[in-house]
Amino acid sequence: LLHFIYRGWLWCATGSAFPATESRWRAIAGCGLHAVLHLTSFIPPLPSKRFEAKPMIWREFRAHNAIFGIRHALATAAYVGCGDRLARYPATWAACLVYGASGLASRASQVLGDPVKRTTNSMAYPERVDPAEAAETRRWYANAQFGATFFAASFSPTCAFAPLLAIELAPLMMTLVRKNLATTTAYHAVYSAALIAPYFVYARLLYAQTRGVDDTLARLEPSLFRPFLVYGALTPMIAQTLRRRRVPKLFALAPFVLAAAALNFRFFLPGTNQAFAAALLAAVLFGILRTPSKQLRWLFFATTPPSKPDDARRHVALTG
């Protein structure tokens, strides 16, 4: 938590959570803290099955959380230490990040999980939440997970590091729920806020690009992150659409690799298309403000009565 505060302060002060003035080894050591955190999370015993009524941590979730947390810590350290070298092989690097983590997560689900009830699609919600609203929230969570994949392959240590906040706050909040120190609503509120935060980081970097601050950003971030912000902006949306249509994961994740491969070609340079970058920034800001407010309104406003008769009777009993 202290490391997140430190990186947030650097981001506010310099525009990058990993400025060039910082020692690379110190930055890499900071990323190592998060990898060690996930590795040591396997020490405490956990139940093998999820608790259906509340969001509490269990073994499958812990494995998924460690896989994706280490992915982001590794990607951040790699961009800090040798980002320009990785930029020579963008598609290969993106394929390793995307398919490596996805394959390990699928294997973890086969060994520890339920074939139907996955970590996201069966998450517990307060009883007052309508099933349709819960489905909208699950869709937002899934979209945010694809967005995290985009950030991991962005060649920006700041963008790659940002999703770690949600990844590591989720089990913390689940632990607080287990100890009766937080409610189910509080878990979803904190987790949702942490999922939104990386998009503000992305918007700020994209804004700096549209303002033409290339010399400053070149010192702070590896050279390929700026074009990837534009090349890869639509990949989470495309990947999520393919998954909704039951396209196999192998092909649904391909847009991330193709976006990275496009970096080898110079037919489109963001620096010469500032009007497009400005339009993209406006779309990102609109999505940041609109999408969560639509899909997470139950966190702030009274919910409508559930559609099912049994759920409706329970809603009346709860709300009077």
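Here the structure is shown first, and the text comes after it.
Small disclaimer: the values here were computed from a predicted structure and weren't measured.

Asker: So what exactly am I meant to see when it comes to the nonpolar core here?
Answerer: Taken as a class, soluble globular proteins show a tendency for nonpolar side chains to be buried jointly. One finds Phe18, Tyr125, Met174, Tyr187, Tyr191, Leu195 and Phe256 to be the most contacted residues of the largest nonpolar core, which totals 51 residues. Looking at this core, the elements that each hand over two or more residues are helix H1 (2–14), helix H2 (24–40), helix H3 (59–86), helix H5 (131–152), helix H6 (157–161), helix H7 (164–178) and helix H8 (184–210). Residue contributions to this core peak at 10 residues, all from H8. Ignoring any residue separated from it by four or fewer positions in sequence, one finds Tyr191 in contact with Tyr141, Gln145, Ala166 and Ala170. Core analysis: the next-biggest nonpolar cluster, separate from the first, contains 8 residues, Ala75, Ala78, Leu97 and Ala160 among them.

Asker: It is not clear to me how the packing of aromatic side chains should be interpreted in this structure. Could you clarify?
Answerer: Two aromatic rings are characterised by how far apart their centres lie and by the angle between their planes. One pass over the structure, following the stated rule, counts 10 aromatic pairs. When the ring of Phe150 is compared with that of Phe151, the centres are 5.3 Å apart and the planes differ by 40 degrees; the resulting orientation is tilted. Phe151 shares its class with Phe150; the two are buried. Measuring from ring centre to ring centre gives 5.8 Å for Tyr187 and Tyr191, while their planes differ by 15 degrees; the resulting arrangement is stacked.

Asker: What should I look at first to understand the pattern of salt bridges in this one?
Answerer: Opposite charge on two side chains makes pairing possible when the charged atoms of those side chains draw close. Summed over all chains, the structure comprises 3 salt bridges. The closest approach of N and O atoms between Arg7 and Glu22, which form a salt bridge, is 2.7 Å. Pair noted here: Arg7 is in helix H1 and Glu22 is in the loop between H1 and H2, with a separation of 15 residues, a long-range link. Comparing Arg7 with Glu22, the two get one shared label, buried. Here Glu22 and Arg26 are joined by a salt bridge, their closest N and O atoms 3.4 Å apart. Since its relative accessible area comes to 7%, Glu22 is described here as buried. Salt bridges here are not isolated pairs; linked through shared partners, they connect Arg7, Glu22 and Arg26.

Asker: Would you mind going over unusual backbone geometry with me for this structure?
Answerer: Both trends apply: most residues other than glycine have a negative phi, and most peptide bonds are in trans. With a phi angle near 65 degrees, Phe155 is a residue other than glycine that sits in the positive phi range. The residue Phe155 is located in the loop between H5 and H6 in this model. A residue is classified by how much of its surface remains accessible, and Phe155, at 0% relative accessible area, is buried. Even without being a glycine, Arg246 presents a positive backbone phi close to 65 degrees. If you trace the backbone, Arg246 turns up in the loop between helix H11 (235–244) and helix H12 (249–252).

Asker: Is there a simple way to think about the side chain of Arg7 in this case?
Answerer: In this structure Arg7 comes out as buried when scored by relative accessible area, which is 2%. The residues touching Arg7, leaving out its near neighbours within four places in the chain, are Ala17, Phe18, Glu22, Arg26, Ala27 and Phe161.

Asker: What should I look at first to understand the packing of H3 against H5 in this one?
Answerer: Each pair of packed helices can be described by the angle between their axes along with the distance between the axes. Relative to each other, H3 and H5 sit at 25 degrees, their axes nearing to 10 Å. With respect to H5, the element H3 is oriented roughly parallel. Relative to H5, the crossing made by H3 is left-handed. Here Arg71, His72, Ala75 and Tyr79 of H3 lie close against H5, whose contacting residues are Ala148, Thr149 and Ala152. Class assignment of the residues belonging to the contact of H3 with H5 gives a composition of 4 nonpolar, 2 polar and 1 charged.

Asker: Got a minute to help me understand empty space enclosed by the protein in this structure?
Answerer: Any space left empty among the atoms is revealed by the rolling of a water-sized probe across them. Summed over all chains, the structure comprises 1 cavity of 30 Å³ or more. Lining the largest cavity, in full, are Arg50, Phe51, Lys54, Pro55, Met56, Trp58, Ser122, Met123 and Ala124. For the lining of the largest cavity, the class distribution of residues is 6 nonpolar, 1 polar and 2 charged.

Asker: Explain H2 to me, please; I cannot follow it from the model alone.
Answerer: Structurally, the α-helix is built with 3.6 residues per turn, so residues lying three or four positions apart point the same way. Taking 1.5 Å per residue, 17 residues should reach 24 Å; H2 reaches 24 Å between its end C-alpha atoms and fits that length. Every buried residue belonging to H2 is among Ala27, Gly30, Cys31, His34 and His38, and all of these are buried. Viewed end-on, H2 has its buried residues packed into an arc of 90 degrees, placing them on one side of the element. Along H2, exposed side chains directed more than 90 degrees from the buried face belong to Trp25, Leu33 and Leu39. The inward-facing, buried residues of H2 contact H1, H3, H6 and H7.

Asker: Where do I start with a nonpolar patch on the surface in this structure?
Answerer: Taken together, the side chains of Leu234, Met237 and Ile238 define a hydrophobic patch exposed on the protein surface, amounting to about 300 Å² of accessible area. Take Leu234: it is sitting in the loop between helix H10 (225–231) and H11.

Asker: I keep staring at the packing of H5 against H11 and nothing clicks. Help me out?
Answerer: Relative to each other, H5 and H11 sit at 130 degrees, their axes nearing to 9 Å. When the axis of H5 is compared with that of H11, the two are oblique. Handedness of the crossing formed by H5 with H11: right-handed. Of H11, the residues touching H5 (which contributes Arg139, Ala142, Asn143, Phe146, Gly147 and Phe150) are Thr235, Pro236, Ala239, Gln240, Arg243 and Arg244. When the residues that make up the contact of H5 with H11 are grouped by side-chain class, the tally is 5 nonpolar, 4 polar and 3 charged.

Each value, and the rule that gives it
- Residues numbered from 1 in each chain as written.
- Predicted model: local features only at pLDDT ≥ 70, side-chain atom pairs only at ≥ 80, totals over all residues.
- Heavy atoms only, no water.
- Core = buried A, V, L, I, M, F, W, Y, C linked by side-chain atoms within 4.5 Å.
- Buried < 20%, exposed > 50% of the residue type's maximum accessible area, 1.4 Å probe, protein only.
- Helix = DSSP H or I, 4+ residues; strand = E, 2+ residues; numbered from the N terminus.
- Contact = heavy atoms within 4.5 Å.
- Phe/Tyr/Trp six-rings, centres within 6.5 Å; stacked < 30°, edge-to-face > 60°.
- Salt bridge = Lys/Arg side-chain N within 4 Å of Asp/Glu carboxyl O.
- Axes fitted to C-alpha atoms, helices over the stretch in contact; angles between N-to-C directions.
- Parallel < 35°, antiparallel > 145°, perpendicular 65-115°, else oblique.
- Left-handed = near helix turned anticlockwise from the far one by under 90°.
- Nonpolar A, V, L, I, M, F, W, Y, C, P; charged D, E, K, R; others polar.
- 1 Å grid on protein atoms, 1.4 Å probe; cavity = no way out; pocket = protein on both sides within 12 Å on 5 of 7 lines; lining within 4 Å.
- Points joined across faces, edges and corners; volume = space filled by probe spheres on them.
- Expected span 1.5 Å × (residues − 1).
- Arc of directions from axis to C-beta.
- Patch = residues over 30% accessible without salt bridge, like charges linked within 9 Å, V, L, I, M, F, W, Y side chains within 5 Å.
- Areas by Shrake-Rupley, 256 points an atom, 1.4 Å probe, with all protein chains shown as cover.

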